[in-house]
Amino acid sequence: RKTTYYIAQGRAIRRLVVLYASLEDLVSENDHRYEDQSEDAATLAYVGCQYSPISFLNLSYTQARLSAMWLHQTLAGAAVAARKLQKGADAARGDNTSCLKDMVATWVNQEFRPSPLIKPDDKRSRRFGNNVCGKLLCPAEWDWDQTSVKTGIRNRMSEYIVSENSWPLFLYENYIANRDNLKEGLFKSKLLVLAFKAIFTSPSSAKEVEGDGDGADILENDRRTQWKSDQAKRQVHFALSSISSWRTIDGDFDYEGFWNNVVDFFEDVPGPVTKCRVDKLLEWWTRKIFGMSHREDLTPEIVLQMFVNTLSEQRKALEDAAFDLD
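Novice: Pulling in residues and values, what's your account of the overall build of the protein?
Specialist: Along the protein, the regular secondary structure elements total 13 helices and two strands. The 326 residues of the protein split such that 41% are buried. Sequence separation of 24 or more characterises 67% of the internal contacts of the protein that already satisfy a separation of 6 or more. With the model as given, the accessible surface of the protein reaches about 18,200 Å², and the carbon-plus-sulfur share is 51%.

So this is what it looks like as structure tokens:
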């Protein structure tokens, strides 16, 4: 039971807490902090985090720290537990890449109808050698339809270095970037929403991305949406590439740097105007995945006018009338 528990916790930490940091480092950091903080104080800090305006990443780290604190107290063989946590973390990443390798090929085939079609079980035909995958992976500042750009990228010329310092076109809504306004449509592509649903809700839920989700509280879910969507962006990029197994560096492209750039886009904002725009983007993502709840708009006055209460009043009136007749 303990083995299953730690593997499951490792999967959750890699998917929801931190993508690249060593799990052993997380446990060591917890041990260091645990020496200076009692369990009661840590628990109070955690409860306070739930309702404070800190980022979801900080909240997730607090959750991981409390889980590691329990591990520190109850398990003598911490190294054994750390290995099981790592096993679960590696399994989560493997599941995601394996799932999306097939599904991204299917989605691209359905939307772009390339000829020949992309084979779900063969990644060698992807990346920049494939015209559709190349267009989706092409940095937004260049026009893939220009022969010079296409040739330069494929030949890995110094003028066309594809790195994590550019936003790939697949991140944009309708796969079109406005070079005069690069934030327009960024992180709103259909591929990203499909990938998010396939990883974090279920593969079957990725069949439909039009409209909003099934209903949830935006304020409750927008920060966890940010974290999960960051993962989806990295996984889609990997699925469009031609490498067959996971590695951090693909040519000149650094996946860890790419992930950090995405996180910085949401977390490192220059001021309140940008913060407002980021919040609106998170709300858009939350609606697409979870839907939107209007329960806060159901005031007592509105509820009184609804048929459940209306019928209740009518039944009471009927009983009162019968009583008066008697």
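Novice: Quick rundown of helix α7 (residues 147-154)? Include the residues and the values.
Specialist: Along α7, the residues that are buried comprise Val 149, Lys 150, Gly 152 and Ile 153. Each buried residue of α7 lies within a common arc of 165° when the element is viewed along its axis, so the set occupies one face. Looking one or two places after α7, you find Arg 156, whose phi comes out positive at around 55°.

Novice: Would you mind going over the nonpolar core in detail, with residue names and values included?
Specialist: Grouped burial of nonpolar side chains is what soluble globular proteins tend to show. Membership of the largest hydrophobic core comes to 49 residues, with the highest contact counts inside it found for Trp 107, Ile 153, Leu 171, Phe 187 and Trp 285. Secondary structure elements with two or more residues in this core: α5 (78-112), α6 (131-137), α7, α8 (190-200), α10 (255-267) and α11 (272-290). For this core, the element with the highest residue contribution is α8, accounting for nine residues.

Novice: Before we move on, can you summarise the packing of aromatic side chains with the specific residues and values?
Specialist: Tallying each qualifying case throughout the model produces 13 aromatic pairs. Ring plane angle 80° and centroid distance 5.2 Å describe the contact between Phe 265 and Phe 266, whose orientation is recorded as edge-to-face. Take Phe 265: its relative accessible area is 26%, and that puts it in the partly exposed class. Grouping aromatic residues by their ring pairs yields a cluster made of Trp 167, Phe 187, Phe 253, Tyr 255, Phe 258, Phe 265 and Phe 266.

Novice: Hey, could you go over unusual backbone geometry for me, with residue numbers and the actual values?
Specialist: The omega angle of the peptide bond from Ser 115 to Pro 116 is 0°, so this bond is cis rather than trans. Along the chain, Pro 116 falls in the loop between α5 and α6. You will see that Phe 187, though not glycine, has its phi angle at about 65°, which is positive. Here Phe 187 lies in the loop between α7 and α8.

Novice: Help me get a handle on the side chain of Ser 163, residues and values and all.
Specialist: Looking at where Ser 163 falls in the secondary structure, it is placed in the loop between α7 and α8. Here Ser 163 falls in the buried class, since its relative accessible area comes to 13%. Apart from the residues within four sequence positions on either side, Ser 163 is in contact with Asp 252 and Phe 253.

Novice: I'd love a proper account of α8, names of residues and values included.
Specialist: In terms of burial, α8 is a largely internal element, 10 of the 11 residues being buried. Residues of α8 that are buried: Leu 191, Leu 192, Val 193, Leu 194, Ala 195, Phe 196, Lys 197, Ala 198, Ile 199 and Phe 200.

Novice: Residues and numbers for the packing of α8 against α11, please.
Specialist: Relative to each other, α8 and α11 sit at 55°, their axes nearing to 11 Å. As far as their axial angle goes, α11 and α8 are oblique. Crossing angle aside, the handedness with which α8 passes α11 is right-handed. Where α8 abuts α11, its residues Leu 192, Val 193, Phe 196 and Lys 197 lie against Trp 284, Trp 285, Lys 288 and Ile 289.

Novice: Describe the environment of Val 149, listing the residues and the values that go with them.
Specialist: Take Val 149: it is sitting in helix α7. The sequence separation of Val 149 and Tyr 160 amounts to 11 residues, and the corresponding C-alpha distance is 7.2 Å. Setting aside anything within four residues of it in sequence, one finds Val 149 in contact with Cys 138, Trp 142, Asp 143, Trp 144 and Tyr 160.

Novice: Describe the pattern of salt bridges, and please don't skip the residues or the numbers.
Specialist: Under the criterion given, the structure shown has four salt bridges. Between Asp 250 and Arg 127 there is a salt bridge; the shortest N-O distance is 3.6 Å. On the criterion of sequence distance, the pair formed by Asp 250 in strand β1 (residues 249-250) and Arg 127 in the loop between α5 and α6 is long-range, its members being 123 residues apart. On the accessibility criterion, Asp 250 (5% relative accessible area) is buried. Between Asp 252 and Arg 156 there is a salt bridge, with the nearest N and O atoms lying 3.2 Å from each other. Here Arg 156 lies in the loop between α7 and α8 and Asp 252 lies in the loop between β1 and β2 (253-254), a separation of 96 residues in the sequence.

Conventions adopted
Residues numbered from 1 in each chain as written. Predicted model: local features only at pLDDT ≥ 70, side-chain atom pairs only at ≥ 80, totals over all residues. Heavy atoms only, no water. Helix = DSSP H or I, 4+ residues; strand = E, 2+ residues; numbered from the N terminus. Buried < 20%, exposed > 50% of the residue type's maximum accessible area, 1.4 Å probe, protein only. Contact = heavy atoms within 4.5 Å. Areas by Shrake-Rupley, 256 points an atom, 1.4 Å probe, with all protein chains shown as cover. Arc of directions from axis to C-beta. Core = buried A, V, L, I, M, F, W, Y, C linked by side-chain atoms within 4.5 Å. Phe/Tyr/Trp six-rings, centres within 6.5 Å; stacked < 30°, edge-to-face > 60°. Axes fitted to C-alpha atoms, helices over the stretch in contact; angles between N-to-C directions. Parallel < 35°, antiparallel > 145°, perpendicular 65-115°, else oblique. Left-handed = near helix turned anticlockwise from the far one by under 90°. Salt bridge = Lys/Arg side-chain N within 4 Å of Asp/Glu carboxyl O.

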